[in-house]
Amino acid sequence: MKVMQDSSRRTLIIVRQGTKFISGVELSDGELTVSKFTDEDLQQRGFKDIDYPLDRAVDHFLRHNGGLSDAARRALLELRN
């Protein structure tokens with residue numbers, strides 16, 4: 001999977017790529033959750049791939065002070081394997 005950033009410098013880790021939707025965990029205030037996006041959603045927000053190590057981003061998200069939903073934690077831990 002990959003790490004992306006939007007025009008506001010918000011970071012998103014793509015955790016699943018489906019045929020219709022892309023599932024990702026976006027770094028934000030509060031609890032991190034898994035959200036679904038379309039390609040159009042990502043384009044409208046200006047998300048672009050960034051050169052940042054996935055393992056490092058996952059570790060950072062897992063230590064998020066606001067916590068993580070169970071689904072977000074599972075999805076991020078799967079990326080570590």
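To be clear, the structure that these remarks concern was listed above.
Conventions used here
Residues numbered from 1 in each chain as written. Predicted model: local features only at pLDDT ≥ 70, side-chain atom pairs only at ≥ 80, totals over all residues. Heavy atoms only, no water. Helix = DSSP H or I, 4+ residues; strand = E, 2+ residues; numbered from the N terminus. Buried < 20%, exposed > 50% of the residue type's maximum accessible area, 1.4 Å probe, protein only. Phe/Tyr/Trp six-rings, centres within 6.5 Å; stacked < 30°, edge-to-face > 60°. Lys NZ or Arg CZ within 6 Å of the ring centre and 35° of its normal. Salt bridge = Lys/Arg side-chain N within 4 Å of Asp/Glu carboxyl O.

1. Considering the environment of Thr19
Step number 1: Counting through the fold element by element, Thr19 comes out in the loop between strand 2 (11-17) and strand 3 (22-26).
Step number 2: Its relative accessible area of 86% is what places Thr19 among the exposed residues.
Step number 3: The sequence separation of Thr19 and Thr38 amounts to 19 residues, and the corresponding C-alpha distance is 9.5 Å.

2. Remarks on the packing of aromatic side chains
Step number 1: Across all of its chains, the model carries zero aromatic pairs by this definition.
Step number 2: We note Lys36 situated over the ring of Phe21; from NZ or CZ to the ring centre the distance is 5.8 Å.

3. Details of the pattern of salt bridges
Step number 1: Under the criterion given, the structure shown has five salt bridges.
Step number 2: Salt-bridge contacts for Arg10 lead to Glu26; the nearest nitrogen and oxygen are separated by 3.3 Å. Taken together, the positions of Arg10 in the loop between strand 1 (3-5) and strand 2 and Glu26 in strand 3 put the pair 16 residues apart, joining distant regions of the chain.
Step number 3: Here Glu26 and Arg45 are joined by a salt bridge, their closest N and O atoms 2.4 Å apart. Linking Glu26 in strand 3 with Arg45 in helix 1 (residues 39-45), this pair joins segments that are 19 residues apart in sequence.
Step number 4: Residue classification places Glu26 among the buried positions, given a relative accessible area of 15%.

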